[in-house]
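# Coordinate analysis (summary)
Spelled out, the chains give:
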Amino acid sequence: MLSTIFFVIICILCVIAVVVDIGLFISWSKAKEKVFVANWISFLTTIFLCAVNLLPGEIDRMSIALVIMMILVIPCEFTCLSPEGIRNMIFRNGGIDPVENISYEYKKGSLGMEQLYIYKGQSSRGTYNIGIKKPKTVKMLADWYGKHGYENPLTK
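Residues numbered from 1 in each chain as written. Predicted model: local features only at pLDDT ≥ 70, side-chain atom pairs only at ≥ 80, totals over all residues. Heavy atoms only, no water.

## Here's the deal with the overall build of the protein chain
Secondary structure summary: the protein chain contains four helices and eight strands in total. The helix and strand sequence of the protein chain, counted from the amino end, reads α-β-α-α-β-β-β-β-β-β-α-β. The buried share of the protein chain, taken over its 156 residues, is 42%. A separation threshold of at least 6 residues defines the contact pool for the protein chain, and within that pool the share at least 24 residues apart is 62%. Accessible surface, the protein chain: about 9000 Å² in total, of which carbon and sulfur atoms supply 68%. Within the protein chain, one finds 16 positive and 12 negative side-chain charges whose respective centroids are separated by 5 Å. (Helix = DSSP H or I, 4+ residues; strand = E, 2+ residues; numbered from the N terminus. Buried < 20%, exposed > 50% of the residue type's maximum accessible area, 1.4 Å probe, protein only. Contact = heavy atoms within 4.5 Å. Areas by Shrake-Rupley, 256 points an atom, 1.4 Å probe, with all protein chains shown as cover. Lys, Arg positive; Asp, Glu negative; His and termini not counted. Charge placed at Lys NZ, Arg CZ, Asp CG, Glu CD.)

## Focus on helix 2 (residues 40-54)
Over its 15 residues, helix 2 runs 21 Å from end to end, which matches the ideal 21 Å to within 8%, given 1.5 Å per residue. Those residues of helix 2 that sit buried are T46, C50 and N53. One face of helix 2 carries all of its buried residues, which in axial projection span an arc of 70 degrees. As for helix 2, its buried residues are in contact with helix 3 (61-73). With a side-chain oxygen positioned 2.9 Å from the backbone nitrogen of I41, the residue opening helix 2 is N39. (Expected span 1.5 Å × (residues − 1). Arc of directions from axis to C-beta. Polar contact = N/O pair within 3.5 Å; in protein donor to acceptor, adjacent residues only side chain to side chain.)

## Details of the sheet that holds strand 5 (residues 102-108)
The mixed open sheet is built from four strands, whose spatial order is 7-6-5-8. In this open sheet, the two edge strands, each paired with only one partner strand, are strand 7 (123-128) and strand 8 (146-147). Judged from the two bridges that link them, strand 5 and strand 8 form a sheet pairing that is parallel. Counted as the bridge partner of S103 is G146 from strand 8. Those strands touched by helix 4 (residues 135-144) are strand 5, strand 6 (114-120) and strand 8, and its axis lies near 130 degrees from that of strand 5. (Pairing = 2+ DSSP bridges. Axes fitted to C-alpha atoms, helices over the stretch in contact; angles between N-to-C directions.)

## Observations concerning the pattern of salt bridges
For the structure shown, the criterion picks out five salt bridges. A salt bridge links K107 to E105; the shortest N-O distance between them is 3.8 Å. Using a relative accessible area of 35% as the deciding quantity, one classes K107 as partly exposed. It is possible to trace a salt-bridge network through shared partners that takes in D97, K120 and R125. (Salt bridge = Lys/Arg side-chain N within 4 Å of Asp/Glu carboxyl O.)

## A short note on a nonpolar patch on the surface
Residues M1, L2, I5, F6, V8, I9, I12, L13 and I16 make up a contiguous nonpolar surface patch of about 880 Å² in total accessible area. Within the secondary structure, V8 is located in helix 1 (residues 2-30). For V8, a relative accessible area of 42% gives the class partly exposed. (Patch = residues over 30% accessible without salt bridge, like charges linked within 9 Å, V, L, I, M, F, W, Y side chains within 5 Å.)

## Some details on the confidence of the model for the protein chain
Residue-level pLDDT values for the protein chain average 86, and 94% of them are 70 or greater. When pLDDT is averaged over each element of the protein chain, strand 1 (residues 35-38) comes out on top at 95 and strand 8 at the bottom at 80. (pLDDT = per-residue confidence, 0-100.)

## Quick notes on the environment of Q115
Here Q115 shows up in strand 6. Once the C-alpha coordinates of Q115 and L13 are considered, the two residues, 102 residues apart in sequence, prove to be 31 Å apart. Residues within four places of Q115 in sequence aside, it is in contact with E105, Y106, K107, G109, T127, Y128, N129 and I132.

Here is the structure:
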């Protein structure tokens, strides 16, 4: 009985993930110019959980549903930057956080890696380290987004 309840909950979460993914893809498709950034730790965590779920050997409907849910969550791991702002689900604020509300800075993270911090107002919106040094990303941030109280070392 309990496994049936969990299975139903996972199926509902899968439906929600499909709706979110569709909203993201619609919003992303509206951007003429775009770059994607992500955080490798959250991306690898999703992949790791998916792999661990399949390790026990016995594959049942619960493990298949969990793997499907984790695959459907992968697009949410990416953030789409465009000259207009950060692209969100189409259902939230028309699918965009305007560039006027966003600022950024590059700095060293805890592992000594260069990281991109994006802020909405004064609060942190996210930390990224995949795709942050691509010339297109650096140029878009320098041209359109405000700096969060620092000078960008990559544009010097």
